[in-house]
Each structure stands twice: as C-alpha cells, then as structure tokens.
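Residue-level listing of the chains:
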Amino acid sequence: MRSIPSGPTGTLWAYAYLIVPPFPGHRLVAVRLMLKQEHVAAGKERRVWSGRLVLEPRITQILVVSSSSHCDLPINRRLEEELHRINAHFALTIPLAIGGDLDGMIVPDAPNELLH
C-alpha cells in the first residue's frame, strides 16, 4: 500500500458497468488486464483509478473508484470497445461522489488489495 502524496485534493467518485446477462470470468481476461494496467498507470500519474470485476449469478459488474467524475476517459473507451467486441450488453451508472480529500489517502498497490 502507498499514500497519495500531498498535492491536489478532490472528491472520489464511484461508478459501475453493469453487464446483463452475466459473463463468465474466462471471457473477461482482457478486461481484467485493462483494469490492472489502468490502476498502475494512475498510480504513476498521482491519481486514483481502481476497477474491480465482480462476477455474480445474475449480473457481472465492473466497479470503478476514481479521482475523476468523467466516464469518457481513454480507459472507459477501451473497456467499452472490449465489451462491444465480446457482445456484452452493458449499462454505465452515473458517477457518485463517495469521498473527499485525497491528500494522505492510503490506496492499494494492487487493484484488489483492499477488497479481499
């Protein structure tokens, strides 16, 4: 784990891609890789972006926490392109503010470190 260094502060945002019907994990390998790569890139750029794939019996979700409320970032376009490529029917929720000041916030070094 690491701490976000002092600098710009802001709100954390959460949104989700909802995939119905659910997709099996083995069909989402490319999505998992994209989530991991974006998390690493965000850390290098001193921003927060973490995504988690949640496989449930009735729905598959990609949960995202980000320091940006924008859902039209390059990672979003890549994710959506991949979901279209594999014929996944999805909806994107609106971003919801979930937290405040990022200064000194502890974030995981690996995408799902805090979620296990």
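Residue numbering note: each chain is counted from 1, following its sequence as written. Local features in this predicted model are restricted to residues of pLDDT 70 or higher, and side-chain atom pairs are both shown and tallied only at a pLDDT of 80 or more, whereas totals for entire chains, interfaces and linings draw on every residue. As a rule here, side-chain values cover all heavy atoms of the structure and leave hydrogens and water aside.

Chemist: Can you lay out helix H1 (residues 29–44) for me, pointing to particular residues and giving the numbers?
Modeler: Numbered from the N terminus, helices here are DSSP runs of H or I no shorter than four residues, and strands are runs of E no shorter than two. To estimate the expected span of a helix, subtract one from its residue number and multiply by 1.5 Å. A rise of 1.5 Å per residue sets the reference length of H1, with its 16 residues, at 22 Å; its end C-alpha atoms lie 23 Å apart and thus fit the reference within 8%. A simple rule labels every residue: compare its accessible area, found with a 1.4 Å probe on the protein chains alone, to the largest value its type can have, and call it buried under 20%, exposed over 50%, or partly exposed in between. Listing the buried residues of H1 in full gives Val31, Met34, Leu35, Glu38, His39 and Ala42. Axial view of H1: buried residues confined to an arc of 135°, hence all on one face. More than 90 degrees from the buried face of H1, the exposed residues found are Val29 and Lys44. Contact criterion: two residues are considered in contact whenever any of their non-hydrogen atoms come within 4.5 Å of each other. Of the surrounding elements, those touching the buried residues of H1 are strand S3 (49–55), strand S4 (60–66) and helix H2 (74–85). To obtain the arc, one takes the directions from the helix axis to the C-beta atoms.

Chemist: Could you give an account of the nonpolar core, with specific residues and numbers?
Modeler: Each nonpolar core is a collection of buried residues, namely Ala, Val, Leu, Ile, Met, Phe, Trp, Tyr and Cys, held together in the definition by side-chain atoms within 4.5 Å. Grouped together as the largest cluster of nonpolar side chains are 19 residues, with contacts concentrated most on Val31, Leu35, Trp49, Ile62, Leu79 and Leu83. Among the elements of the structure, strand S2 (12–19), H1, S3, S4 and H2 are those that each provide at least two residues to this core. Ranked by residues supplied to this core, first place goes to H1 with 4 residues. Non-local contacts of Ile62, meaning those with residues more than four positions away in its chain, are made with Tyr15, Ala16, Tyr17, Ile19, Val31, Leu35, Arg52, Leu53 and Leu83.

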